Amino acid sequence: MSDHHHKETFVTKYIFSQDHKMIAKQYLITGMFMGVIGVFMSMLFRLQLAYPEQSFSIIEAFLGKGGEGGIMTPDMYMGLVTIHGTIMVFFVLTAGLSGTFSNLLIPLQIGARDMASGFLNMISYWLFFLSSVIMFLSIFVHTGMASAGWTIYPPLSALPQAMSGSGLGMTLWLVSMAIFIASSLLGSLNYIVTVLNLRTKGMKMTRLPLTIWAFLITAIIGVVSFPVLLSAALLLIFDRSFGTSFYLSDIFIQGEVLHYKGGSPILFEHLFWFLGHPEVYIILLPALGITSEVISTNARKPIFGYRAMIGSIMAIAFLSTIVWGHHMFVTGMNPFLGSVFTFTTLLIAIPSAVKAFNYITTLWKGNLQLNPAMLFSIGMVSTFITGGLTGLILGDSALDINVHDTMFVVAHFHLVMGISALFGMFAGVYHWFPKMYGRMMSKDMGYLHFWITAISAYGVFFPMHFVGLAGLPRRYYSNSAFPIFDDLLHINKVITVFALIGGIAQLIFLANFFFSIKKGRKTVQNPWKGNTLEWTAPVEHIHGNWRGEIPEVHRWAYDYSKIDENGDLWGGQDFTPQTVPIRNGEEEF
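Predicted, not measured: the structure shown is a model, and the values here were computed from it.

Student: Where do I start with the overall build of the chain in this structure?
Tutor: On a plain count of helices and strands, the chain comes out with 16 helices and two strands. By the compact-globule yardstick of 25 Å for 589 residues, the chain fits well, its C-alpha radius of gyration being 24 Å. For the chain, the C-alpha atoms occupy an extent of roughly 85 × 50 × 50 Å along the three principal directions. The 589 residues of the chain split such that 59% are buried. Of all intrachain contacts in the chain linking residues separated by at least 6 positions in sequence, the fraction that spans at least 24 positions is 78%. For the chain, the exposed area adds up to about 23,200 Å²; of that, 68% sits on carbon and sulfur atoms. Positive and negative side-chain charges of the chain, numbering 33 and 32 respectively, have mean locations separated by a distance of 9 Å.

Here you go:
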């Protein structure tokens, strides 16, 4: 296959490409575009929270009727929060991590020519692109964008007449998500089949890099849980359009008694969170896998506890599917059931802690190369730990009741999921940019990007915990109606300043990324002196990844700084690629 070259046109190479490397770039750039929209929305509603009575011309310029006179309407605020959450969770972090790095790395790191089905891979991306376009267009609907929160709880999402954002905007949201789920399922099935069936000679499962383990388990979680969200959305469409009562019962609107009987909005919560909680790990596991690879490579040390890391990924995957009820402690859940979900939720802290300790132990006494990818990986470990600690509070039903639906929850999940996954994604982009584009990104701009982003992230979400503990509810567009919260306004201003600085800092990354594609310094084949197979492929992209034979694997992926019986480095270098045969007297890990 590698020797067969058919003439590619611009359309077949860059648009309807079936090459996994090009599809990875398509996912990444689409995700970055959606990320700009999502971050910009958050900056607008942060302005509203910090200065609820003030007029801003930027709000009127961008929001039109929803920001007349420069002051945001409550409906517009709710719409921005809804679409911001949806875009960041599904279209940035899921696509930017699974879509980009599963596509880029699975064939390269397991020694395959391409994905099991290049055609399905292409269809998967274009379904994702279509869903992104529909979600983007839903922002401009005259009656208002979807406004039921990113969790789209009924009855707001089930009754088109409930509010302006419950109309066409909500319908487009549901259509977009249905197409997104189809894309995710096609992609996930492709990833699973590729890893299980297309590994090169010698690539046993116990020699797979932890990135591939993370992508494989992520894909399995997606196949198990995404269909449940699709069923929830379909039943919601039935309630909206065909008069059914899956989620609705005894509804009154403006004195009118609606005909719905026998449904339960709690059913929707069960279905939504059965995907919603695994979705946290669909986002987080690829970032954890990328962090393992980057930390080991840049600490010049074998990853600590390879098998424990695989076990923790599997344990997280299993436990993540049986903890969804901790989002529902205040729904009137039976206290005994609440205690079961508390137990399973606290249990998930164990494999998470295993990962955190393994990262720290890998870093300990390593020969650290503090490039931007390594800094973002260390930052990811930091936010994963700090955000995870507050999860212990929220996972306990008795404690959660006090802070449920306050800004404390927002701070928790943004740190442990949002910022951690974002840092993992940035680490992956800086680390594998040479593989994607054959050039290096600017280190200095990378350092600037990391420090401003890391300081801003903690500047936003650390104070938010205290605002939440004081009782400030989430999703309120203004707290000025409640005198009890007056003293918190200055903290909201501090949070907003950091949010604006952090948002603007992402322009440094975008400039570095797009400038480096054309003008960056050309890379050598193995710039980070890594062991994994992707660094044995030529710098210039060929459809098939390797010329001639695919390399054979003889060892695991983390033989860094290996010492021989004389106390010297094996082969005189501190890395031993997977393609190097096991030497006499050498033990495999």
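Anyway, onward from the coordinates.
Student: In this structure, what is going on with unusual backbone geometry? I would like to understand it.
Tutor: Put simply, Pro154 and Pro155 share a cis peptide bond, and its omega is 5°. In this model, Arg300 sits at a positive phi of 55°, which is unusual for a non-glycine residue. Tracing the sequence through the fold places Arg300 in the loop between α8 (265–299) and α9 (306–320). On the basis of relative accessibility, which here comes to 6%, the residue Arg300 falls in the buried class. Although it is not a glycine, Ser561 sits at a positive phi angle of roughly 50°. In this fold, Ser561 is placed in the segment after α16 (489–519). The exposure class assigned to Ser561 is partly exposed, which follows from its relative accessible area of 28%.

Student: What exactly am I supposed to notice about helix α11 (residues 349–363) here?
Tutor: An ideal rise of 1.5 Å per residue puts 21 Å on 15 residues; α11 measures up with 21 Å between its terminal C-alpha atoms. Pro351, Ser352, Lys355, Ala356, Asn358, Tyr359, Thr362 and Leu363 are the residues of α11 that are buried. One face of α11 carries all of its buried residues, which in axial projection span an arc of 160°. The outward face of α11, more than 90 degrees from its buried face, is lined by the exposed residues Ile350 and Phe357. Each element contacted by the buried residues of α11 is listed here: α8, α9, α10 (335–347) and α12 (372–394). Count one or two residues on from α11 and you reach Lys365, which has phi positive near 60°.

Student: What's the story with the nonpolar core in this structure? I'm lost.
Tutor: For soluble globular proteins, the rule of thumb is that nonpolar side chains tend to be buried together. The biggest cluster of nonpolar side chains holds 171 residues, and the ones touching the most others in it are Phe90 and Phe101. At 20 residues, the largest contribution of residues to this core is made by helix α4 (residues 74–110).

Student: I keep staring at the pattern of salt bridges and nothing clicks. Help me out?
Tutor: Between side chains of opposite charge, a pair can form as their charged atoms come close. What the rule picks out here adds up to seven salt bridges. Linking Lys21 and Asp19 is a salt bridge whose minimum nitrogen-to-oxygen distance equals 3.1 Å. This pair shows no difference in class: Lys21 is buried, exactly as Asp19 is. Among the salt bridges present, the one from Arg300 reaches Asp574, with a minimum N-O distance of 3.0 Å. Taken together, the residues Arg300 in the loop between α8 and α9 and Asp574 in the segment after α16 connect sequence positions 274 residues apart. Side by side, Arg300 and Asp574 carry an identical accessibility label, which is buried. Through salt bridges with shared partners, one network takes in Arg555, Asp559 and Lys562.

Student: In this structure, what is going on with the packing of helix α2 (residues 20–50) against helix α14 (residues 407–437)? I would like to understand it.
Tutor: The relative placement of two packed helices is expressed as an angle between their axes plus a distance between the axes. Their axes nearest at 13 Å, the elements α2 and α14 cross at an angle of 145°. The crossing of α2 and α14 is left-handed. Each of Ala24, Lys25, Leu28, Ile29 and Arg46 in α2 lies in contact with α14, whose residues at this interface are Met407, Val429, Met436 and Tyr437. Its residues assigned to classes, the contact of α2 with α14 comprises seven nonpolar, no polar and two charged.

Student: What exactly am I supposed to notice about the side chain of His277 here?
Tutor: Mapped onto the fold, His277 is located in helix α8. Only 3.1 Å separates the side chain of His277 from the side chain of His327, close enough to count as a polar contact.

Student: What is the right way to look at empty space enclosed by the protein in this model?
Tutor: To find leftover empty space, one rolls a probe the size of a water molecule over the atoms. Inspection of the entire model under this criterion finds two cavities of 30 Å³ or more. By volume, the largest cavity amounts to about 180 Å³. Taken together, 18 residues line the largest cavity, and the ones lying closest to its centre are Thr94, Ser98, Ser184, Ser188 and Tyr191. Elements with a contribution of two residues or more to the lining of the largest cavity: α4, α5 (118–138), α6 (168–197) and α7 (210–241). Tallying contributions element by element places α6 first for the lining of the largest cavity, with six residues. Residue classes in the lining of the largest cavity are distributed as eight nonpolar, ten polar and no charged. Empty space within the second largest cavity amounts to approximately 40 Å³. For the lining of the second largest cavity, the class distribution of residues is four nonpolar, two polar and three charged.

Student: Hey, could you run me through the confidence of the model for the chain in this one?
Tutor: For any part of a model where pLDDT is low, the fine detail of the predicted coordinates should not be relied upon. Overall, the predicted model of the chain reaches an average pLDDT of 93, with 99% of residues at or above 70. Summarising per-element confidence for the chain, the mean pLDDT is lowest in helix α1 (residues 10–15) (78) and highest in helix α15 (residues 443–469) (97).

Rules used in this analysis
- Residues numbered from 1 in each chain as written.
- Predicted model: local features only at pLDDT ≥ 70, side-chain atom pairs only at ≥ 80, totals over all residues.
- Heavy atoms only, no water.
- Helix = DSSP H or I, 4+ residues; strand = E, 2+ residues; numbered from the N terminus.
- Rg over C-alpha atoms; globule rule 2.2 N^0.38 Å.
- Buried < 20%, exposed > 50% of the residue type's maximum accessible area, 1.4 Å probe, protein only.
- Contact = heavy atoms within 4.5 Å.
- Areas by Shrake-Rupley, 256 points an atom, 1.4 Å probe, with all protein chains shown as cover.
- Lys, Arg positive; Asp, Glu negative; His and termini not counted.
- Charge placed at Lys NZ, Arg CZ, Asp CG, Glu CD.
- Expected span 1.5 Å × (residues − 1).
- Arc of directions from axis to C-beta.
- Core = buried A, V, L, I, M, F, W, Y, C linked by side-chain atoms within 4.5 Å.
- Salt bridge = Lys/Arg side-chain N within 4 Å of Asp/Glu carboxyl O.
- Axes fitted to C-alpha atoms, helices over the stretch in contact; angles between N-to-C directions.
- Left-handed = near helix turned anticlockwise from the far one by under 90°.
- Nonpolar A, V, L, I, M, F, W, Y, C, P; charged D, E, K, R; others polar.
- Polar contact = N/O pair within 3.5 Å; in protein donor to acceptor, adjacent residues only side chain to side chain.
- 1 Å grid on protein atoms, 1.4 Å probe; cavity = no way out; pocket = protein on both sides within 12 Å on 5 of 7 lines; lining within 4 Å.
- Points joined across faces, edges and corners; volume = space filled by probe spheres on them.
- pLDDT = per-residue confidence, 0-100.

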